[in-house]
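Chain and residue survey
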Amino acid sequence: QVQLVESGGGLVQPGGSLRLSCAASVSRFRITLMSWLRQTPGRSRELVASLVVSSGGHNYGDSVKGRFTISRDGPENTLYLQMNSLKPEDKAVYYCKLSTQTREYWGQGIPVTVSS
């Protein structure tokens, strides 16, 4: 069973920065899409950012464009989400997701709180 382990969440002040990491045991050669999503109570899960493995192309949700950056370290098989200029509305549980041809693998979820 493939395991994804997230780290880097926590409490940060508005305007601050945070970097989330997602370490995956699955081989990157089998991955087609790498994504970050977030969840807040009463809302459906929201796509934050995604990276198409074959092309390296990025896609971002409108609310985070210009502030968040998705990236990866191939040799380390780690996915990152750099979050800058954080706002209170960015508070959520963040999940990484790796997609293959046939399956999706999810991280455990990590909370991010933005507050003074």
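Residues numbered from 1 in each chain as written. Predicted model: local features only at pLDDT ≥ 70, side-chain atom pairs only at ≥ 80, totals over all residues. Heavy atoms only, no water.

Here we take up the overall build of the protein chain. Along the protein chain, the regular secondary structure elements total zero helices and eleven strands. The order of α-helices and β-strands along the protein chain, N terminus first, is β-β-β-β-β-β-β-β-β-β-β. Over its C-alpha atoms the protein chain spans a radius of gyration of 14 Å, differing by no more than 12% from the 13 Å that the globule rule assigns to 116 residues. With the C-alpha coordinates of the protein chain rotated into their principal frame, the extents come out at 40 × 25 × 25 Å. Taking all 116 residues of the protein chain together, the buried fraction comes to 44%. Considering only contacts in the protein chain between residues 6 or more positions apart, those separated by 24 or more positions represent 52%. Averaging the positions of the 13 positive and the 8 negative side-chain charges in the protein chain gives two centres separated by 3 Å. (Helix = DSSP H or I, 4+ residues; strand = E, 2+ residues; numbered from the N terminus. Rg over C-alpha atoms; globule rule 2.2 N^0.38 Å. Buried < 20%, exposed > 50% of the residue type's maximum accessible area, 1.4 Å probe, protein only. Contact = heavy atoms within 4.5 Å. Lys, Arg positive; Asp, Glu negative; His and termini not counted. Charge placed at Lys NZ, Arg CZ, Asp CG, Glu CD.)

This paragraph deals with the nonpolar core. Core analysis: the biggest nonpolar cluster contains 29 residues, and Trp36, Leu81, Met83 and Tyr94 have the highest contact counts within it. The residues touching Met83, leaving out its near neighbours within four places in the chain, are Gly16, Ser17, Leu18, Leu20, Arg67, Phe68, Tyr94 and Val112. (Core = buried A, V, L, I, M, F, W, Y, C linked by side-chain atoms within 4.5 Å.)

Right, let's get into the state of the cysteines. Here the structure, examined in full by the defined rule, presents one disulfide. Between the sulfur atoms of Cys22 and its disulfide mate Cys96 the distance is 2.0 Å. The sign of the S-S torsion, about 60°, decides the handedness of the disulfide formed by Cys22 and Cys96: right-handed. On the criterion of sequence distance, the pair formed by Cys22 in strand β3 (residues 18-24) and Cys96 in strand β9 (residues 92-99) is long-range, its members being 74 residues apart. The class for Cys22 is buried, based on a relative accessible area of 1%. (Disulfide = S-S within 2.5 Å.)

The next thing to look at is the sheet that holds β3. Here four strands make up an open sheet; going across it, the order is β1-β3-β8-β7 and the pairing antiparallel. The open sheet has two edge strands with one neighbour each: β1 (4-7) and β7 (68-73). Taking each pair of neighbouring strands and ignoring which way they run, the sheet shows an average axis angle of 15°. Here four bridges tie β1 to β3, and the two strands are oriented antiparallel to one another. Along β3, the bridge assignment pairs Glu6 with Cys22. (Pairing = 2+ DSSP bridges. Axes fitted to C-alpha atoms, helices over the stretch in contact; angles between N-to-C directions.)

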